Amino acid sequence: MIARIGVVGFCLLAASCQSGPTSTQSNSGLQRTQRNASVTGIVVDGAGLNLRAFVAQMAFVFPDESADLSRSVVRTEMARLESQKLGVVLPARRVDLAFQTFSKGLVAQLGNETTPDDWAMARHDALWRDIQPLYRENLAHNLLYQAVLRADARLSGRVSMFWFVTGDANQARRWAASLQSGRDPKSMLSESLISGPNPDGSYPPMSRDLPGEAGEQLQNPSLGQIVGPIQFEGDRSWRVGVVTQVLAPESQLPPIDVLLDELESQPIDALEARAWFEKMSRRYTVSSSLSPFAGPTQAFEFSR
């Protein structure tokens, strides 16, 4: 399965809201509601819970989870826009296969004592058959995102690399110096905090459009090029890289099944996921911060 999804860690947005009486259609095809909506099912004395108040409280009580969820929703929308631009369409049979694999994994994880209906009722207050479409939709979103990410990498040009990671800036500088002097990268793998998924410890091809200084150094990559030492924004660790393969930008995408099969054998790495998100965020001028102060003073209000 392309996305390894655990039952406990599966994050699903299923917020259903009552829409306002009027809305407008934007150029992007999105509906723009002209007044605030209320959260379906939460009512006090006839007044509905204001959606902005609900989101603000979620951002306050669950800041990390809310940030992760907002990032996921933004990622899904950027992938949708990119799929339209690139002409990437998911075959329904691949989504069906992903859902079948997820369902089998769910049954295996629950064991003999808990049925999917029991689990769904406890988690979602709904039977498994009723909640299945939401899980299938979420899996489809995730598959499309991964396919679009790899499609963009192929069109942008890719590099295969060794990456060496350390928390010590001085060690990173020593690594870079020894590589410049001709040291075999494979001899350094035991010194790195992490190594790549390939049998030799390297990483499969990924986009050269990496964040910050790494992306700048890889705009015109060459075989054997040393990258770093660099420290990505927000990271405590330092990285030094060695380019082992340069793949030129492709003029035409392969069939979607080729992309999906590649993702089976070469899952998305955290670095390329971050690189794609930052690249698309610049392209679509994204803002994804949630404020606990954004809600109205009175959380419950009557429909106007």
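As the structure is a computational prediction, the values presented were derived from the model and not from experiment.

Trainee: Would you explain the overall build of the protein in this entry?
Mentor: Helix and strand counts for the protein stand at 9 helices and 10 strands. Look at the contacts in the protein between residues 6 or more apart in sequence, and 70% of them connect residues 24 or more apart.

Trainee: Help me understand the packing of helix α2 (residues 63-86) against helix α5 (residues 128-156) in this model?
Mentor: In a pair of packed helices, the angle between the axes and the distance between the axes together describe the arrangement. Contact geometry of α2 with α5 gives a least axis separation of 9 Å together with a crossing angle of 55 degrees. Comparing their axes, α5 and α2 come out oblique. Of the two possible hands of crossing, α2 and α5 adopt the one that is left-handed. For the pair α2 and α5, contact is made by Arg 75, Thr 76, Ala 79, Arg 80, Glu 82, Ser 83 and Leu 86 and by His 141, Asn 142, Leu 144, Tyr 145, Val 148, Ala 151, Asp 152 and Leu 155, respectively. Partitioning the contact of α2 with α5 into residue classes produces 7 nonpolar, 4 polar and 4 charged.

Trainee: I tried to follow helix α9 (residues 270-283) on my own but got confused; where do I start?
Mentor: Working note: α-helix, 3.6 residues per turn, so residues spaced by three or four point in the same direction. Relative to the 20 Å expected for 14 residues at 1.5 Å per residue, α9 spans 20 Å between its end C-alpha atoms, a close match to the ideal helical length. Buried residues dominate α9, accounting for 10 of its 14 residues. All of the buried residues in α9 are Leu 271, Glu 272, Ala 273, Arg 274, Ala 275, Trp 276, Phe 277, Lys 279, Met 280 and Ser 281. Those residues of α9 that are buried are in contact with α2, α5, β6 (158-166), β7 (203-207) and β9 (238-247). The distance from a side-chain oxygen at the start of α9 to the backbone nitrogen of Leu 271 is 2.9 Å, and the residue carrying that oxygen is Asp 269. In the stretch just after α9, Thr 285 is the one whose phi turns positive, near 50 degrees.

Trainee: What is the right way to read the packing of aromatic side chains from this model?
Mentor: Where two aromatic rings form a pair, the distance of their centres and the angle of their planes describe that pair. Counted according to the given criterion, the structure contains 8 aromatic pairs. Taking the centre distance of 6.1 Å and the plane angle of 15 degrees together, the rings of Phe 99 and Trp 128 count as stacked. Of the two residues, Phe 99 is situated in helix α3 (residues 92-110) and Trp 128 in helix α5; the sequence distance between them amounts to 29 residues. In terms of burial, Phe 99 and Trp 128 fall into one category: buried. On the numbers, 5.3 Å between centres and 70 degrees between planes, the contact of Tyr 145 with Trp 276 is edge-to-face. Placement of Tyr 145 in helix α5 and of Trp 276 in helix α9 is noted, with a sequence separation of 131 residues between them.

Trainee: What exactly am I supposed to notice about the packing of helix α4 (residues 116-124) against α5 here?
Mentor: Relative to each other, α4 and α5 sit at 70 degrees, their axes nearing to 9 Å. With respect to their mutual orientation, α4 and α5 come out roughly perpendicular. The interaxial crossing formed by α4 with α5 has left-handed handedness. For the pair α4 and α5, the contacting residues are Pro 116, Asp 117, Trp 119, Ala 120, Arg 123 and His 124 in the first and Trp 128, Arg 129, Ile 131 and Tyr 135 in the second. Partitioning the contact of α4 with α5 into residue classes produces 6 nonpolar, 1 polar and 3 charged.

Trainee: Can you help me understand the pattern of salt bridges in this one?
Mentor: A side chain of one charge can pair with a side chain of the opposite charge when the charged atoms of the two come close. Overall, the coordinates contain 17 salt bridges when judged by the stated rule. We note a salt bridge from Asp 96 to Arg 136, for which the minimum N-O separation is 2.4 Å. Taken as a pair, Asp 96 in helix α3 and Arg 136 in helix α5 lie far apart in primary sequence, 40 residues in all. What makes Arg 136 partly exposed here is its relative accessible area of 30%. Here Lys 279 makes a salt bridge to Asp 209, at a shortest N to O gap of 2.7 Å. Residue Lys 279 is located in helix α9, and its partner Asp 209 is located in the loop between β7 and α7 (212-217); the two are separated by 70 residues in the primary sequence. Look at the salt bridges and you will find they share partners, linking Arg 150, Arg 154, Arg 158, Glu 250, Glu 262 and Glu 272 into a network.

Trainee: Looking at this structure, I do not really get the nonpolar core. What am I missing?
Mentor: Proteins that are soluble and globular tend to have nonpolar side chains buried together. Counting 23 residues, the largest nonpolar core has Met 78, Val 88, Leu 90, Tyr 145, Ile 256, Leu 260 and Trp 276 as its most contacted members. When contributions to this core are tallied by element, the ones reaching two or more residues are α2, α3, α5, α8 (256-265) and α9. The element that contributes the greatest number of residues to this core is α5, accounting for 8 residues. Not counting chain neighbours up to four residues away, the residues in contact with Ile 256 comprise Val 88, Val 89, Pro 91 and Ala 147.

Trainee: Even after reading the chapter, I still don't get the sheet that holds β9, so can you show me in this structure?
Mentor: Note on sheets: strands pair through backbone hydrogen bonds, and any given pair is parallel or antiparallel. Taken in spatial order, the 4 strands of this open sheet run β7-β6-β9-β8, and their pairing is antiparallel. The open sheet is flanked by β7 and β8 (226-230), the only strands paired with a single partner. Put simply, the sheet's adjacent strands are angled 35 degrees from each other on average, direction ignored. As judged from the 9 bridges shared by β6 and β9, these two strands associate in the antiparallel manner. The partner of Phe 162 across the bridge, within β9, is Val 242.

Thresholds, definitions, all that
- The residue numbers shown here count from 1 along each chain, following its written sequence.
- Selection of residues for local features in this predicted model requires a pLDDT of at least 70, selection of side-chain atom pairs for listing and counting requires 80 or more, and totals for whole chains, interfaces and linings are taken over all residues.
- Side-chain calculation: all heavy atoms of the structure are included, whereas hydrogens and water are not.
- Only DSSP runs of H or I with at least four residues qualify as helices, and only runs of E with at least two residues qualify as strands; both kinds are numbered from the N terminus onward.
- Contacts are assigned to residue pairs with any non-hydrogen atoms lying within 4.5 Å of each other.
- Axis angles are defined between N-to-C directions and span 0 to 180 degrees, where every axis is a line fitted to C-alpha atoms and, for a helix, only to the segment in contact.
- Reported orientations rely on four angle classes, namely roughly parallel under 35 degrees, roughly antiparallel over 145, roughly perpendicular from 65 to 115, and oblique for the rest.
- The handedness criterion is simple: a crossing whose near helix is rotated anticlockwise from the far helix by less than a right angle is left-handed, and one whose near helix is rotated clockwise is right-handed.
- For this scheme, ten residues count as nonpolar: Ala, Val, Leu, Ile, Met, Phe, Trp, Tyr, Cys and Pro. Four count as charged, namely Asp, Glu, Lys and Arg, and the remainder, Gly too, count as polar.
- Multiply 1.5 Å by the residue count of a helix minus one, and that product is the helix's expected span.
- Only protein chains enter the area calculation, which uses a 1.4 Å probe; residues under 20% of their type maximum are buried, those over 50% are exposed, and those in between are partly exposed.
- Under this definition, polar contacts are N or O atom pairs within 3.5 Å; protein pairs additionally need one hydrogen-donor-capable and one acceptor-capable atom, and for neighbouring residues in sequence, both atoms have to be side-chain atoms.
- Put simply, two rings from Phe, Tyr or Trp (the six-membered ring, in Trp's case) pair if the centres are within 6.5 Å, and we call them stacked under 30 degrees between planes, edge-to-face over 60, tilted for the rest.
- We define a salt bridge as a side-chain nitrogen of Lys or Arg found within 4 Å of a carboxyl oxygen belonging to Asp or Glu.
- Buried residues of nine kinds, namely Ala, Val, Leu, Ile, Met, Phe, Trp, Tyr and Cys, make up a nonpolar core once their side-chain atoms join them within 4.5 Å.
- By definition, two strands form a pair when at least two bridges between them are found by DSSP.

Limitation: the analysis is restricted to geometry and does not speak to function.
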